[in-house]
Structure formats: structure tokens, C-alpha cells
Amino acid sequence: MAAKGKGNGKRKGKGKGNSKKTKSKPPDPTSDCIFRREIISNILSRLPVKTLLRFRCVCKPWRNLISKPNFIDTHLHRSSSLQPTNSPILIHTRHVKSTDHVLSLFDSPESSVTELDNPFPFFFHEMAVVGSCNGIVCLCKPPWGDVITLWNPMMRKCRAVQLSKKKPLMGVHSGVSIGLAYDSQENDFIILSLLCFRVGSRVPDEVEMCSTKSFCWKQVKNVVGFRVLGPCCNVIIKGVPYWTALVEDEYGLREVLVYFDVDRKVFKRLPMPGITVGTQWQLVNLEDSVGMLIWVKTDKYNVDVWVMDDEDGWSKKCNVGLVFGFDRIIGCLRNGDIVAEDENGVLLLFDPVTSSVKAKLCIDNAKRGSSVIFNYSESLVLIGGMLPVEKQTARDKVARENLLKCGDEISVFSITF
């Protein structure tokens, strides 16, 4: 009987152990799901990035699915197909007091402007947004392009790009112009660096390209013989960057558009539309086509919209009459909505079809005249070597203010000396 009792005790102990193991095992969230995996993938691929990032915590199968390259590509394709109906924009402004660079995102007229965590080092006074492609934003430090950062705002990750060994020479070069391209066949982002010679020089720009697969710089022949006019490309359309540039040929020195043919890895040129004296213009992405907004400096109410066609060239699409007097045209969204700064410094989103103001883009403490916009499409795309973006702390801002104060003291000292 004693032996039997011991045996029962052992069996009872084993039973308790088994019950503990059963209780500690979490239930599978998808075990009772009535949908097949393909249907779940189809549903998830239509959701915003923020929602997907939260859904990664639902279960391990969902986390693995959302991280797969095929799912990321499908999500990007469906997110892009919503354009130009939904046209988010990235806004770059300067703080009115500290002159810090502020990056914000505007999703739709129903939402407010959201400030993003800027991955660029706070102590750099100069920063430029090169543009955005497939959710990846390129930032650089003008005029020499000696800092280049690739950043996915929605994933909150970024990485620095190793610079080319070919350095600009003071007194010989005037600066470096940066561009961003995307090769869909190779699924590869390409950074372009255009080494510009001084004004008055007839030497064409020296071009290099860097693939994000190897991060090695290679020389690209400048067969067009152009000289670009800005620190960054003017616009990126379907992964192709465009610049305004000067070309000298049998017709003399004239202004043209140049773009990077991603498939052939060469530069090509396009003519400019007829622009008269006393007008201002801006190159834009209009429904994934090359477009241009043209307005007379003295006219604060009318903007002409031009579009480039592969067969017919440039043609005037329409004239947009704004219901408010604008001080500056900022640009336009893919769907054709125009962003302008009115005479009071307020950014307004104008619908040319209904001739009405859709929304006011309110950015706290933004310096007047500093706003620049860029078309943006969110994605889950990441590039190898990306690290999480840390939020700029109050200590960083205080450190910048101290640097500015030190600079003022040094300048005062040098003047008095």
C-alpha cells in the first residue's frame, strides 16, 4: 500500500507538471481563422504602414509575412496604385527661431500635418531634401553633398551613404548636385552625384552613380555635355530624376531638361517649354508625367499648367485661377492640386477642378518662405544597413543653441579685433 501510495504521488506530480506546461503555452491567434493564408496576405497588403507595424505584434506568422520581400513589393504596388487619388506630401521647413530643419508629412485634407523625426544631424546648418522614391527619402548637405542619408520615414530607419573618393576642389568646382533613381528591374536604388565646375566654365559636369546593393561608386559618361543648375534634382518621376541644365551646341548656350535613363544608365535631354521674360516656373510631377507650373511675377492669381508628352512634346493643359492672392507657388501634388503660400504666409492646398481651398497646411513656428514640398508614397521598403532613427532630444536643441551663441560671440570678437 505504501508503494502504491508513492506511485500515485509520482503520477500526481507528473500530472501537475503537464498542466503547468499546457497553461504556459500561448494560443495561436490564427488557429481559429477561417481565411486562407493568401486571403490574409491580400487583406494585409492593402493596409497603411502604421497599421501593419502594429499588426506585426499579433503573431509570429503575421510578423514573418509582413517582413517578406514579396509582400513588401505587393504592398508598395498597391500603395502606389492609389496615386494620384491620394497624394501625400513631405514638407521641408525651417524653424523661425532656431532655423532647425523641420520635416513633416501631410496625408490628406482630412488629416493634420505630422512632424517627423529628422534623421539628419542637428548640428548641420544646411540640409536639402533630394526627393522621394518608393518610400525612400534622400537627404544631403549642400553645396558639396558631403553628407548623404537614405531614410524611410514610416519605418523610422535610415543609413548614411559612403561618399565617393573623388572630392570637389575649392576654386575649381562650385558644388555637387545629388539625385535619386530607382531601377525596377534590379530592385535597386541609385544615388547620383554630379560634380559641377565653377560658373563660366565650359567643362561638363562629372557624374558618378552608387548602387544601394554594393554602395560602390562608378563613373557615368556625360555624353550630353550638360551643366546642372541646382544642388539637387528638380523632381523625381517614377524613379527617374530630372534636372534643369545648360547645354552648349550648334544653337548656342541654352537651358534644357536632363534625366537619367535608369535602364541604360545614361543621361538624356528634353527641350524646355517656351518661357517668356518676367515669368517664374517650377518643374512638377503631374499624374506621373513631367509637368511645369508657369506664372507671371506680377500676376498673383493665375498659373499655367504645362505637360510633356512623349510624342507631341510640351503642351499647355490649362490655366488655373486661384481664388486667393498667392505670394509664392510651392508646387503641386500628383493629382494636380496646387500648394501655394498666400500673402500672409499661410500654406494652402487648392483644388483647380472645384476652384476651392481643400486645406490649410499649418506648421508651427515655420519660417515664412522656407517651405518646400515633395511627393511621397509610404512603403515597407528598407535598405541594408539602415538603423532606427532616434528622436532629437531637448539636449540636442540646447546644444545647437549653444553652438549658435558661440558663433555669434566669435563673429563679434573677430569684428572688434
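The name recorded for the protein in an unreviewed UniProt entry is F-box domain-containing protein, from Solanum verrucosum.

Draft legend 1. The pattern of salt bridges, seen in detail. What the rule picks out here adds up to 14 salt bridges. Here Asp351 makes a salt bridge to Lys358, at a shortest N to O gap of 3.9 Å. The structure contains a network of salt bridges with shared partners spanning Asp249, Arg254 and Arg269.

Draft legend 2. Quick look at the sheet that holds strand β4 (residues 128-133). Taken together, the five strands give an open sheet; going across it, the order is β4-β5-β6-β7-β26, and neighbouring strands pair in antiparallel fashion. Where the open sheet ends on each side, the last strands, each with one partner, are β4 and β26 (387-388). Two strands pair when backbone bridges link them, and strand β6 (residues 148-152) and strand β7 (residues 157-160) are joined in this way by four bridges, in the antiparallel orientation. Its bridge partner being in β7, Asn152 is matched across the sheet by Lys157.

Draft legend 3. Broad picture of the state of the cysteines. Within the structure shown, the criterion is met by zero disulfides. The thiol sulfur of Cys232 is not disulfide-bonded, and the nearest other cysteine sulfur, from Cys140, lies at 3.8 Å.

Draft legend 4. The arrangement of the pairing of strand β23 (residues 347-351) in detail. Of all five residues making up β23, five are buried, and the element is well covered by its neighbours. Here β23 shows two buried faces, one formed by Leu347, Leu349 and Asp351 and the other by Leu348 and Phe350. Pairing of strand β22 (residues 338-342) with β23, which is carried by four bridges, proceeds in the antiparallel orientation. Following the sheet pairing, Ala340 is matched in β23 by Leu348.

Draft legend 5. The arrangement of the nonpolar core in detail. Of all hydrophobic cores here, the largest spans 87 residues; its most connected members are Leu150, Leu180, Ile191, Leu192, Phe226, Phe260 and Phe267. Those residues in contact with Phe226 that sit more than four places away from it in its chain are Leu194, Pro204, Asp205, Val207, Ala245, Leu246, Val247, Val258 and Phe267. Formed by 17 residues, the second largest nonpolar core is a distinct cluster that contains Val284, Val305, Val307 and Val320.

Definitions and cut-offs
- Residues numbered from 1 in each chain as written.
- Predicted model: local features only at pLDDT ≥ 70, side-chain atom pairs only at ≥ 80, totals over all residues.
- Heavy atoms only, no water.
- Salt bridge = Lys/Arg side-chain N within 4 Å of Asp/Glu carboxyl O.
- Pairing = 2+ DSSP bridges.
- Helix = DSSP H or I, 4+ residues; strand = E, 2+ residues; numbered from the N terminus.
- Disulfide = S-S within 2.5 Å.
- Buried < 20%, exposed > 50% of the residue type's maximum accessible area, 1.4 Å probe, protein only.
- Core = buried A, V, L, I, M, F, W, Y, C linked by side-chain atoms within 4.5 Å.
- Contact = heavy atoms within 4.5 Å.

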